[in-house]
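Here is what each chain is made of, one letter per residue.
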Amino acid sequence: MEVPCVRVEREQGEAARRELAESDLVVDEVEIVVEDGWLYIPVTNPDAVPSEFELVSHDLPTRTTQRMPADILGFEPSYERLGNIVLIDEDDSELAGEIADAIIASALPVETVLNRASKVKGETRVRDWDVLAGNGTETVHREYGCEFLLDVARVYFSPRLATERHRVTEQVTQDEHAFDMFAGVGPFVIPFANRGATVVGADVNEVAIDYLQENARRNGVEDRVTAIPGDVRGTATEYEDWADRIVMNLPHSADEFLDTAVALASDDCVIHYYDIQHEDDPFGPGEEAIRSAAEPEYDVTVETRREVRSYAPHELNVCLDVRLTR
């Protein structure tokens, strides 16, 4: 079957396969093939493949020795992988149990299946989960060469945003000052620090801050990371006029924190502002809020208007990359 692949020289094949596998980008159901000195590695999401790899389309055989959940169930279940945990969202408890059994019996390298038992709730944005298979809710998730220890029942984390986080990370330059106002366990903070930035992450969830500090140690960037517990509006005053880059990934209420973001901004600062708005005008409300908070002290230039994903019927999760120049 014709599939998108990363093509690398055979000698570099194992290192490339390992790096792609750490970000869950290798297709499990398709064979990796060597032809004429080249290794062809099938990938799940070509847009998420790091830019240093060559992408091609190539005819590869389907694996015949591994059974996937769809082979067992007779239909393709919807699920997300987070480390060695699979997350599902199924209201029918009997069907949820069947899906969990199929996932564990399949070739997927996972140990635990969790079913969403509540919506995101509270200012810490955590969910309740039903454990359908395995034991516990803590895992290690790997993304673009970084690893994150986290507990899905105690912190907020979305694996769906990996591509978006990588897009922003690639803009980070060495020695810049970056501030993540809603940092969680560090999915922006850690890769920013990996690129040589000095990074501050704040979060109201003290458990997330503990994981952020641990993840900084795990990834060898603790000397460039500062973690601040509490509401950033009251805990970051010593960083006023400090930040060259600010991440505001709290899409339902980021506008309530714009005065603090402006106070944190240096003379030339890029803000990555995440919002959820109706598809008729997904960017206008956010841009208006930013201009209201920053002007006339700063010139405001919108550098990127990006639709990140569909959030709900007729609602979009979007990002505005906005440069503030004093």
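Residues numbered from 1 in each chain as written. Predicted model: local features only at pLDDT ≥ 70, side-chain atom pairs only at ≥ 80, totals over all residues. Heavy atoms only, no water.

A. Broad picture of helix α6 (residues 206-218). Over its 13 residues, α6 extends 18 Å from the first C-alpha to the last, a length consistent with the 18 Å expected when each residue adds 1.5 Å. Listed as buried for α6 are Val207, Ala208, Ile209, Tyr211, Leu212, Asn215 and Ala216. Of the surrounding elements, those touching the buried residues of α6 are β9 (138-143), β10 (146-151), α5 (189-194), β12 (198-203) and β13 (225-229). Among the residues of α6, the N-terminal cap falls to asparagine 205, whose side-chain oxygen and the backbone nitrogen of valine 207 are separated by 3.0 Å. One or two positions beyond α6, positive phi appears at glycine 220, with a value near 70 degrees. (Helix = DSSP H or I, 4+ residues; strand = E, 2+ residues; numbered from the N terminus. Expected span 1.5 Å × (residues − 1). Buried < 20%, exposed > 50% of the residue type's maximum accessible area, 1.4 Å probe, protein only. Contact = heavy atoms within 4.5 Å. Polar contact = N/O pair within 3.5 Å; in protein donor to acceptor, adjacent residues only side chain to side chain.)

B. Focus on the sheet that holds strand β4 (residues 54-59). Across the sheet, 4 strands lie side by side as β2-β3-β1-β4; this open sheet has antiparallel pairing. This sheet does not close on itself; its edge strands, each paired only once, are β2 (33-35) and β4. Direction aside, neighbouring strands of the sheet carry axes that sit 40 degrees apart on average. Pairing of β2 with strand β3 (residues 38-42) involves 3 bridges; the strand directions are antiparallel. (Pairing = 2+ DSSP bridges. Axes fitted to C-alpha atoms, helices over the stretch in contact; angles between N-to-C directions.)

C. Main features of the pattern of salt bridges. Within the structure shown, the criterion is met by 25 salt bridges. Taking the shortest distance from any N to any O, the salt bridge between arginine 323 and glutamate 303 comes out at 2.6 Å. Here arginine 323 is found in strand β17 (residues 315-325), whereas its partner glutamate 303 is found in strand β16 (residues 299-312), with 20 residues between them in sequence. Classification of arginine 323 as partly exposed rests on a relative accessible area of 27%. The structure contains a network of salt bridges with shared partners spanning Arg142, Glu147, Glu214, Arg217 and Arg218. (Salt bridge = Lys/Arg side-chain N within 4 Å of Asp/Glu carboxyl O.)

D. Region of interest: the environment of glycine 234. By the element assignment, glycine 234 lies in helix α7 (residues 232-235). Sequence separation of glycine 234 and threonine 260 is 26 residues, and the distance between their C-alpha atoms is 8.9 Å.

E. How the structure looks around unusual backbone geometry. Note that the residue after glutamate 295, namely proline 296, is joined by a cis bond; omega there is 5 degrees. Structurally, the position occupied by proline 296 is in the loop between α9 (284-294) and β16. Notably, aspartate 24 is not glycine yet its phi reads approximately 55 degrees, a positive angle. With respect to the secondary-structure elements, aspartate 24 resides in the loop between α1 (13-22) and β2. A positive phi is found at tyrosine 144, a non-glycine position, where the angle reads about 50 degrees. One can find tyrosine 144 in the loop between β9 and β10. Taking the relative accessible area as the measure of exposure, tyrosine 144 reaches 19% and is therefore buried.

F. Structural detail: the nonpolar core. Grouped together as the largest cluster of nonpolar side chains are 38 residues, with contacts concentrated most on Leu150, Ile190 and Phe192. Where this core is concerned, the elements lending two or more residues are β6 (85-88), β10, α5, α6 and β13. For this core, the element with the most residues is α6, which contributes 6 residues. Aside from chain neighbours lying at most four places away, what touches leucine 150 is Leu82, Thr137, Glu138, Thr139, His141, Val155, Phe157, Val185 and Tyr211. Ranked by size, the runner-up nonpolar core spans 35 residues in total, among them Ala202, Met248, Phe257 and Leu264. (Core = buried A, V, L, I, M, F, W, Y, C linked by side-chain atoms within 4.5 Å.)

G. Structural detail: the sheet that holds β17. A sheet is described by the order of its strands in space; here 7 strands give the open sequence β13-β12-β11-β14-β15-β17-β16, paired in mixed fashion. What marks the edges here is a single partner per strand, and that holds for β13 and β16. Across the sheet, the mean angle separating the axes of adjacent strands is 15 degrees when strand polarity is ignored. Across the sheet, α6 lies against β12 and β13, angled at about 170 degrees from β13, the strand it touches most.

H. Main features of a negative patch on the surface. A cluster of acidic side chains, namely Asp89, Asp91, Asp92, Glu94, Glu98 and Asp101, defines a negative patch on the protein surface. Mapped onto the fold, aspartate 92 is located in the loop between β6 and α3 (93-105). (Patch = residues over 30% accessible without salt bridge, like charges linked within 9 Å, V, L, I, M, F, W, Y side chains within 5 Å. Areas by Shrake-Rupley, 256 points an atom, 1.4 Å probe, with all protein chains shown as cover. Lys, Arg positive; Asp, Glu negative; His and termini not counted. Charge placed at Lys NZ, Arg CZ, Asp CG, Glu CD.)

I. Structural detail: the pairing of strand β7 (residues 112-116). Across the 5 residues that make up β7, a large majority, 5, are buried. Here β7 shows no split at all, with Thr112, Leu114 and Arg116 on one side and Val113 and Asn115 on the other all buried. Here 4 bridges tie β6 to β7, and the two strands are oriented parallel to one another. In the sheet register, valine 86 faces β7, and the bridge partner there is valine 113. The β-α-β motif built from β6, the intervening α3 and the parallel element β7 has right-handed crossover chirality. Alignment of β7 against strand β8 (residues 129-133), held across 4 bridges, turns out to be antiparallel. What sits directly across from asparagine 115, in β8, is aspartate 130. (Right-handed = clockwise from strand over helix to strand, strands pointing away.)

J. Spatial organisation of the state of the cysteines. Per the stated rule, a full pass over the model turns up 0 disulfides. For the unlinked cysteine cysteine 269, the closest cysteine sulfur is that of cysteine 319, found at 13 Å. For cysteine 269, a relative accessible area of 0% corresponds to the buried category. (Disulfide = S-S within 2.5 Å.)

Such coordinate-based values are descriptive only and should not be taken to indicate function.
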